[in-house]
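Descriptive analysis of the structure
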Amino acid sequence: MNIRLIPVFFVLFAACVPALCSRDEATAPLPGAETRSRFAALDDVRLLANGLLQLGQSLREFVQKTKGQINDILQKLNIFNHSFYQLSVLASEIKEEGEELKKTTVVLKANNEEIKGLSAEINSKVDNILQEKSQLQSKVEGLEKKLSSLSQGLVSSEQVAEINGLRAVIHSQEQSITELLKAVREQSNQINYQKTKIKTLEEKLTVDTSAQETIERTPEVFSSEPPTLKPFQTSDSSNTTEMNLPSDCSEVFIRGERASGVYVIRPNGSEPFMAYCDMSKDYGATVIQRRKDGSVNFDQTWEKYEHGFGDFQGEFWLGLRKVHPLTARGDSVLHIQLEDWKNCNYFIEYRFYLDGPESNYTINITHLSGDLPDAMSNHTGMMFSTKDRDNDKHMDANCAHSHTGGWWFSACGDTNLNGKYFLIRPKGHSQRRRGVQWKSPRKASYSFKLTQISVHRMAPVSASSASSHADVFL
């Protein structure tokens, strides 16, 4: 820029020199002609030079400012290149882990097929043994009839020995059948365990694949229709009646299980169903709600909240129809655990009973203990509400529709653990009130990071009431 201004200054200098010289030399005007200068005045030249100097200074400042902006852009480009390199390394690692998981899944599926074949073979042998048992029982009945007919007369020692021998054979057959049934149960447990491992690996593979897709492209909005929790099903309904299923996770804990996971329970004689058992404390707790990452949309209909939705490995709602029989004993405790975004944990417990569908699952609670403020005692006697079934006491609004998520609303208060999950704190107060709320005097309209609602028994049950049969783990 400065080099281009040098010719301009030379031109100005050349124009100014004659003008300066003209002041010293007197020129004689021609007769009859007007006296008129051929050059610009010195003041005009100075004014023009001053303007050009200011223009050059402005251009110099503009060049300096442009250089600073270009340096900022280069720094941002370097930061972007570094971030892109890290994402590329992370994507390659995820791909490698995905390949390993695929190989492991293939191996486990092959093992699962072998176990299925072995299970079918064992079932056929069990059927044959049961047939033999029925035949032996029919023979025993015939022998008993003969024995009763012979009781009136004399019985020879040979007949007595034959009868005793048959009894010994029958007894040994019954022991063999019992042992075989026990082995079948153990094989069934092993099959269920293998299925769980395969399902866990498939879910982990799905999570890794979705994470890789998130890196490579823009993430999509999660589905508004979460999966319904699958009911417990067996291939043979007769085996279901023979199994002595635990009534809840407290009984699973009493039977000796200490690993948190999905178990089959049957509370109060209801239909068996799968539930997640939290064994992290000195008792077993049946988890009825868990939220941790916003992967499941909890703004669902009455049918979804009644039957349950989500995924036991992530976020889920167990279902009101399943929670109701869990509280039928009358000694249930509702345990609510919250975690904020600073990883601080809080809890509160209530004495808990839930009415059935005829009363829209009315809640009955009494505060027991905890370090959270009591925000639910005034909700006792409230019916459950969803966006398509308004059972709250607010006359002019549907709280479940305006605050999102199903809950025992009274009048759209500040407590709703099924509200919208916010990864970033919204700016508006009305929007924050739609989040995962628990009324707190510390900070109004605060949306929590993690929630878990579980149910356990008020007092421990003696171990003598637990059955000796093996429990079912999925």
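Counting of residues starts from 1 at the beginning of each chain's written sequence and follows it residue by residue. Confidence filtering applies because this is a predicted model: local features only for residues at pLDDT of at least 70, side-chain atom pairs given and counted only at 80 or more, and all residues used for totals across whole chains, interfaces and linings. Only hydrogens and water are removed before side-chain values are computed, so all heavy atoms of the structure are retained for them.

Quick word on the nonpolar core
Side-chain atoms within 4.5 Å link the members of a nonpolar core, which is a set of buried Ala, Val, Leu, Ile, Met, Phe, Trp, Tyr and Cys residues. Burial classes: relative accessible area under 20% of the type maximum marks a residue as buried, over 50% as exposed, and values in between as partly exposed (1.4 Å probe, protein chains only). Counting residues in each nonpolar core, the largest one holds 58 residues, and the members touching the most others are Leu318, Ile336, Trp408 and Trp438. In what follows, a contact means two residues having at least one pair of non-hydrogen atoms within 4.5 Å. In this view, Leu318 contacts Leu229, Phe273, Met274, Ala275, Thr286, Val287, Ile288, His307, Gly308, Phe312, Val323 and Leu326; residues no more than four positions away in its chain are not counted.

Remarks on empty space enclosed by the protein
Space left empty within the atom packing is revealed by a probe, the size of a water molecule, rolled over the atoms. Grid spacing is 1 Å over the protein atoms alone, the probe is 1.4 Å, and a cavity is where that probe fits but cannot get out, while a pocket is an open set with protein on both sides within 12 Å along at least five of seven lines and lining residues have an atom within 4 Å of a point. Grid points are joined across faces, edges and corners, and a volume is the space filled by probe spheres set on the points. Applying the stated criterion to the full structure yields 3 cavities of 30 Å³ or more. A volume near 70 Å³ is recorded for the largest cavity. Ile288, Leu334, Phe352, Trp408 and Ile453 are, among the 13 residues lining the largest cavity, the residues nearest its centre. Secondary structure is summarised from DSSP: a helix means a run of H or I of at least four residues, a strand means a run of E of at least two, and numbering begins at the N terminus for each. Breaking the lining of the largest cavity down by element, the ones donating at least two residues are helix 7 (320-326), strand 6 (332-339) and strand 7 (345-354). Three classes are used, and their members are as follows: Ala, Val, Leu, Ile, Met, Phe, Trp, Tyr, Cys and Pro are nonpolar, Asp, Glu, Lys and Arg are charged, and the others, Gly among them, are polar. Broken down by class, the residue content of the lining of the largest cavity amounts to 13 nonpolar, no polar and no charged. Of the voids in this model, the second largest cavity is the one considered here, and its volume is about 60 Å³.

Brief notes about the packing of aromatic side chains
By convention, a stacked pair of Phe, Tyr or Trp rings (six-membered ring in the case of Trp) has centres within 6.5 Å and planes under 30 degrees apart, an edge-to-face pair has planes over 60 apart, and any other such pair is tilted. Tallying each qualifying case throughout the model produces 12 aromatic pairs. Judged by centre distance (5.1 Å) and plane angle (65°), the ring pair of Phe312 and Phe316 falls under edge-to-face. Assigned by exposure class, Phe312 and Phe316 land together as buried. Ring pairing ties together the aromatic residues Phe298, Trp302, Tyr305, Phe309, Trp317, Tyr361, Phe384, Trp407 and Trp408, which thus form one cluster.

What to know about the confidence of the model for the protein chain
Scored from 0 to 100, pLDDT records how confident the predictor is in each individual residue. The pLDDT averaged across the protein chain works out to 78; a share of 75% of its residues lies at or above 70. The low-confidence segment residues 19-28, where pLDDT is below 50, has 4 contacts with residues more than four positions distant or belonging to other chains. Predicted confidence is poor over residues 211-223, with pLDDT under 50, and the contacts of this stretch with residues over four places away or in other chains come to 14 contacts.

Points about the pattern of salt bridges
Each reported salt bridge corresponds to a side-chain nitrogen of Lys or Arg within 4 Å of a carboxyl oxygen of Asp or Glu. Inspection of every chain in the model, using the stated rule, returns 7 salt bridges. One salt bridge in this structure joins Arg321 and Glu306, with 3.0 Å as the shortest N-O distance. Of this pair, Arg321 sits in helix 7 while Glu306 is found in helix 6 (residues 302-307), placing the two residues 15 residues apart along the sequence. For Arg321, a relative accessible area of 43% translates into the label partly exposed. Through salt bridges with shared partners, one network takes in Asp248, Glu251, Arg255 and Arg457.

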